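A structural walkthrough
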Amino acid sequence: MEYVYAALILNETGEEINEDNLTDVLDAAGVDVEESRVKALVAALEDVDIDEAVSEAAAVPAGGAAAGGAAAGGEDEEEAEETSDVPDTTDEDEDDDEDDDAGGEGLGELFG
């Protein structure tokens with residue numbers, strides 16, 4: 001994720017997103033830079049308008065993709081109304097605690 005953030009910083013400051021600039025930003029942030037990841041990101045962003053991509057992403061509501069997928073799945077309106085986004089918790093197992101812990105580990109890795 002740091003690599004994407006570095007690219008966003010470069011874009012925001014009007015700097016060219018290239019390998020040298022991206023590496024400099026990551027080094028300044030104290031990230032152990034992997035050249036292969038830098039090259040891959042620069043190549044992936046080559047033909048991308050980052051400002052447009054960010055504004056499109058901001059315009060999509062948090063549950064927009066899930067709701068659109070249900071409608072595209074062939075459900076009619078009546079069936080879609082009966083479907084709830086709230087998970088069924090009536091048959092909770094002890095295994096659920098392990099899943100909750102795994103999610104916390106992922107957040108810990110993200111925020112260091």
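Residues numbered from 1 in each chain as written. Predicted model: local features only at pLDDT ≥ 70, side-chain atom pairs only at ≥ 80, totals over all residues. Heavy atoms only, no water.

1. As for the overall build of the chain
- Scanning the chain from terminus to terminus reveals 7 helices and 0 strands.
- Each helix and strand of the chain, ordered N terminal to C terminal, gives the series α-α-α-α-α-α-α.
- In the chain, which comprises 112 residues, the proportion classed as buried is 10%.
- The contacts of the chain with a sequence gap of at least 6 include a subset with a gap of at least 24, amounting to 44%.
- Summed over all atoms, the accessible surface of the chain reaches about 9000 Å², with 48% contributed by carbon and sulfur. (Helix = DSSP H or I, 4+ residues; strand = E, 2+ residues; numbered from the N terminus. Buried < 20%, exposed > 50% of the residue type's maximum accessible area, 1.4 Å probe, protein only. Contact = heavy atoms within 4.5 Å. Areas by Shrake-Rupley, 256 points an atom, 1.4 Å probe, with all protein chains shown as cover.)

2. Describing the environment of Val 4
- Tracing the backbone shows Val 4 in helix α1 (residues 2-12).
- Under the relative-accessibility criterion, Val 4 is labelled partly exposed at 38%.
- Measuring from C-alpha to C-alpha, the distance between Val 4 and Leu 45 comes to 9.8 Å, with 41 residues separating the pair along the chain.

3. Examining a nonpolar patch on the surface
- Residues Met 1, Val 4, Tyr 5, Leu 8 and Val 54 make up a contiguous nonpolar surface patch of about 450 Å² in total accessible area.
- At 3 residues, α1 tops the list of elements feeding residues into the nonpolar patch.
- By the secondary structure assignment, Met 1 is in the segment before α1. (Patch = residues over 30% accessible without salt bridge, like charges linked within 9 Å, V, L, I, M, F, W, Y side chains within 5 Å. Salt bridge = Lys/Arg side-chain N within 4 Å of Asp/Glu carboxyl O.)

4. Comments concerning a negative patch on the surface
- A surface patch of negative charge is lined by Glu 12, Asp 49, Asp 51, Glu 52 and Glu 56.
- Residue contributions to the negative patch peak at 3 residues, all from helix α4 (residues 50-59).
- Here Asp 51 shows up in helix α4. (Lys, Arg positive; Asp, Glu negative; His and termini not counted. Charge placed at Lys NZ, Arg CZ, Asp CG, Glu CD.)

5. What to know about the environment of Ile 9
- For Ile 9, the position within the fold is in helix α1.
- Residues Ile 9 and Leu 22 lie 13 residues apart in sequence; the distance between their C-alpha atoms is 9.2 Å.

6. Concerning the packing of helix α2 (residues 19-28) against helix α3 (residues 35-44)
- Viewed as axis vectors pointing N to C, α2 and α3 meet at an angle of 125°, and their least axial separation amounts to 10 Å. Comparing their axes, α3 and α2 come out oblique. In this structure, α2 crosses over α3, and the sense of that crossing is right-handed. Along the contact surface, α2 presents Glu 19, Leu 22, Thr 23 and Leu 26, while α3 presents Val 38, Lys 39, Leu 41 and Val 42.
- The residue inventory of the contact of α2 with α3, partitioned by class, reads 5 nonpolar, 1 polar and 2 charged. (Axes fitted to C-alpha atoms, helices over the stretch in contact; angles between N-to-C directions. Parallel < 35°, antiparallel > 145°, perpendicular 65-115°, else oblique. Left-handed = near helix turned anticlockwise from the far one by under 90°. Nonpolar A, V, L, I, M, F, W, Y, C, P; charged D, E, K, R; others polar.)

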